[in-house]
Amino acid sequence: MRKLISLLIAATLAAAVLVSCSSEGDGDTTTNGSGSSDTATSATETITGTVTTNGSTSMQSVIGSLGEAFENLHDGVTVEYSPTGSGTGIQAVIDETCEIGLSSRALKDTETAEGLTGTVIAYDAIAVIVDSANTVTDLTLEQIASIFTGKITNWSEVGGEDAEIVVIGREAGSGTRGGFEEIVGVEDACDYDQELTSTGDVISSVSTTPGAIGYASLASVGDSVVTVAVGGVMPSESTVLDGTYAIIRPFVFVTKTDATLSTVAAAFFEWVTTSEDAQTIIQSAGAVPVS
């Protein structure tokens, strides 16, 4: 019965995805940059091939879960993910070395001017994290800004123990760093003790460094660190949806505005952005679906 249901779902998806049928050996379909196409794929057509994605390390849990589910729906499909950071993923789309870039920040005007389209697939809270021994549980945005710019250097200044603050963040070009600095109002003004190249590295370093503070995608934060409230509000799905948590950013699929996506990439894009199943998977991965 389970196999029958899976086959029915796959057939329904194939009929709904707006992609153009192509001749053998040519898997391309003209799109409008948002993954949609002008003609529908036949319900009997088998979707095969590889979807190449590249970018945000914060989106690892989300893209991993979506990719695995889509592969389960289509036996001949592989969804590849290169966790290189938002800036690299965006550039990969420009350079045409991947079909779908992953960005954990909105596109800049200069990037859209280069012919890119950003499609928000989810929203994510950027959690402010400290090591498990830290007694500070709540910080205002102003306090966070002062810590990350070096104006506050000891935890005793914000109600904690007498201990030096170690500021840990992401490397330049990171979508998480860009989103955090823009929202907190500290762009190009942070004084980092460590600049690391992935979300996982930040979480690991904060967890093992006494007095450390950092930031990471809420979808990636586990029990090894402590999440601090911001202005009395903890990050969660409900506080993202109602806007009471202050540090929120989008998860974005980046494509070329007037581009040709392969049939399989267009099918994946369409499924992620329109399927109720995909929205449930996004939620289960710790992000907040758009719909």
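The structure we're discussing is the one just above.
Summarised in this report is the structure supplied together with it. (Residues numbered from 1 in each chain as written. Predicted model: local features only at pLDDT ≥ 70, side-chain atom pairs only at ≥ 80, totals over all residues. Heavy atoms only, no water.)

1. Description of the nonpolar core
- Ranked by size, the top nonpolar core spans 31 residues in total, and within it Val62, Leu66, Phe70, Ile121, Phe253, Phe268 and Trp271 carry the most contacts.
- Sorting the residues of this core by element identifies α2 (60-73), β3 (76-83), β4 (100-103), β5 (116-130), β11 (248-256), α9 (263-274) and α10 (276-284) as the ones contributing at least two each.
- Take this core: its biggest share by element is eight residues, from α9.
- In contact with Phe268, not counting residues within four places along its chain, are Val51, Ile63, Leu66, Gly67, Phe70, Val79, Ile100 and Phe253.
- Membership of the second largest hydrophobic core comes to 29 residues, among which are Phe180, Val186, Tyr215 and Val233. (Core = buried A, V, L, I, M, F, W, Y, C linked by side-chain atoms within 4.5 Å. Buried < 20%, exposed > 50% of the residue type's maximum accessible area, 1.4 Å probe, protein only. Helix = DSSP H or I, 4+ residues; strand = E, 2+ residues; numbered from the N terminus. Contact = heavy atoms within 4.5 Å.)

2. Observations concerning the layout of surface pockets
- Here the largest pocket defines a volume of roughly 370 Å³.
- Lining the largest pocket are 19 residues, with Arg105, Lys108, Gly178, Gly179 and Glu187 sitting closest to its centre.
- When contributions to the lining of the largest pocket are tallied by element, the ones reaching two or more residues are α6 (175-184) and β11.
- In terms of residues, the lining of the largest pocket owes the most to one element, α6, which gives six residues.
- When grouped by side-chain class, the residues that make up the lining of the largest pocket number six nonpolar, five polar and eight charged. (1 Å grid on protein atoms, 1.4 Å probe; cavity = no way out; pocket = protein on both sides within 12 Å on 5 of 7 lines; lining within 4 Å. Points joined across faces, edges and corners; volume = space filled by probe spheres on them. Nonpolar A, V, L, I, M, F, W, Y, C, P; charged D, E, K, R; others polar.)

3. Re unusual backbone geometry
- Here the phi dihedral of Glu96 falls at roughly 60 degrees; this positive angle occurs in a residue that is not glycine.
- Position of Glu96 relative to the elements: it lies in the loop between α3 (86-94) and β4.
- A relative accessible area of 60% places Glu96 in the exposed class.
- Unusually for a residue other than glycine, Asp188 sits at a positive phi of about 60 degrees.
- Judged by relative accessible area, Asp188 falls into the exposed class, the value being 80%.

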